[in-house]
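Summary of structural features
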Amino acid sequence: MKRIGLLAGSLRAESYARKVARNLGLLVPNTVLAEPISIAHLPLLHDHLSRREQDACQAFKEQVQRMDAFCIVTPEINRGIPGCLKNALDIASVSYQGSLWEHKPVLIASVSTGKLGGLSASQQLKQLALVLGMQPVQPTEIYISDVRRLFADHEVLTDDSVLPFLKLAVDNLIAAMPGETPTSTLTFQIGTDKIRLLQQEKQVGQATFQWSTGSLVISSITIEPEFEHRGLAGQLMLKLIMIARLFNLGIVAKCSYSQAFFKQHPALGKALRLQ
Ligand SMILES: Cc1cc2nc3c(=O)[nH]c(=O)nc-3n(C[C@H](O)[C@H](O)[C@H](O)COP(=O)(O)O)c2cc1C
């Protein structure tokens, strides 16, 4: 399975850049794995790192190497990218194989609580991505201004003025990954309490859930009768699992389909903090 690494240039617990990066992960099709990459534990790069610091850098580099593409979301700090993001990019630019970012497609987005959407930071990041040998995909101008408003009520991004733009960028990122052709006609519309599964604009299924502190409670999975037995309920389950993974939630399988699903895939249940 191909992997997309999600990187956010912030160490803040409630970082908006990280929220946007996770929501980009939700737009990735079920055939590709979106994996958050933490930069919180990385030391500042220098040439006298302790054994522990070297191990932290090594683990980070190995994760970067496993990725086939990246989504990088940067805030803007004093008209530039934050030091923690520059440091992380520098760390994986040094290896026996050269830059581990090289030849990998990248979606670049910037966020800001202000009005300019982090334009300067985005320009810097784009230039840096090119220096590191990455391949930025179109649209390369994703500046999300006034980002606080997008997450005023929920962690899931539902704003129609931003979502189509992000979806287009993710589709282009998938298309730029060698061996990935975005052929599926299925679309997931993810809301704060339900996922609608559409095929060519027609709703063919739906999952409902509650998002309570630390858990995702799966209440129902329904598929339109004429679309049953095509694996669509399983596709909805995979999307729910992706939400839980990206947002660090445990899963409560309340409806009978979700219970049967985890009985059939016990390894998945084990990895997912089933509650
Ligand atoms: C020291 C500092 C400098 C900042 N400079 C800028 C800036 O130059 N341009 C801008 O649009 N926002 C600026 N901001 C606002 C940040 O973009 C905003 O706080 C953002 O939410 C931080 O990203 P995060 O939520 O992912 O941590 C600044 C914030 C701080 C704390």
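Anything mentioned here points back to the structure above.
Note that the structure is a prediction, hence the values are computed from the model and not measured.

**Examining the nonpolar core**
Counting residues in each nonpolar core, the largest one holds 64 residues, and the members touching the most others are Ile4 and Leu107. It is helix 6 (residues 232-246) that contributes the most residues to this core, ten residues altogether. Every residue in contact with Ile4, bar those within four places of it in the chain, is listed here: Val28, Val32, Leu33, Ala34, Glu35, Met67, Ala69, Phe70, Cys71, Leu173, Ile174 and Met177.

**Remarks on the packing of aromatic side chains**
Per the stated rule, a full pass over the model turns up six aromatic pairs. With a centroid separation of 5.2 Å and an interplanar angle of 70°, the aromatic rings of Trp211 and Phe247 are classed as edge-to-face. Here Trp211, found in strand 9 (residues 202-212), pairs with Phe247, found in the loop between helix 6 and strand 11 (250-253); they are 36 residues apart in sequence, far enough to count as distant. Here Phe247 falls in the buried class, since its relative accessible area comes to 6%. On the basis of an interplanar angle of 40° and a centroid distance of 6.4 Å, the ring pair of Tyr257 and Phe261 is categorised as tilted.

**Some details on the site of the ligand**
All residues adjacent to the ligand are Ser10, Arg12, Ser15, Tyr16, Ala17, Pro75, Glu76, Ile77, Asn78, Arg79, Ser112 and Thr113. One nitrogen or oxygen atom from the main chain of Ala17 is found 3.0 Å from an oxygen atom belonging to the ligand. Between a nitrogen atom of the ligand and a side-chain N or O atom of Glu76, the distance comes to 2.7 Å. Protein contact buries 69% of the 630 Å² of open area that the ligand shows by itself. By residue class, the composition of the shell around the ligand is four nonpolar, five polar and three charged.

Conventions we followed
Residues numbered from 1 in each chain as written. Predicted model: local features only at pLDDT ≥ 70, side-chain atom pairs only at ≥ 80, totals over all residues. Heavy atoms only, no water. Core = buried A, V, L, I, M, F, W, Y, C linked by side-chain atoms within 4.5 Å. Buried < 20%, exposed > 50% of the residue type's maximum accessible area, 1.4 Å probe, protein only. Helix = DSSP H or I, 4+ residues; strand = E, 2+ residues; numbered from the N terminus. Contact = heavy atoms within 4.5 Å. Phe/Tyr/Trp six-rings, centres within 6.5 Å; stacked < 30°, edge-to-face > 60°. Near = heavy atom within 4 Å. Polar contact = N/O pair within 3.5 Å; in protein donor to acceptor, adjacent residues only side chain to side chain. Areas by Shrake-Rupley, 256 points an atom, 1.4 Å probe, with all protein chains shown as cover. Nonpolar A, V, L, I, M, F, W, Y, C, P; charged D, E, K, R; others polar.

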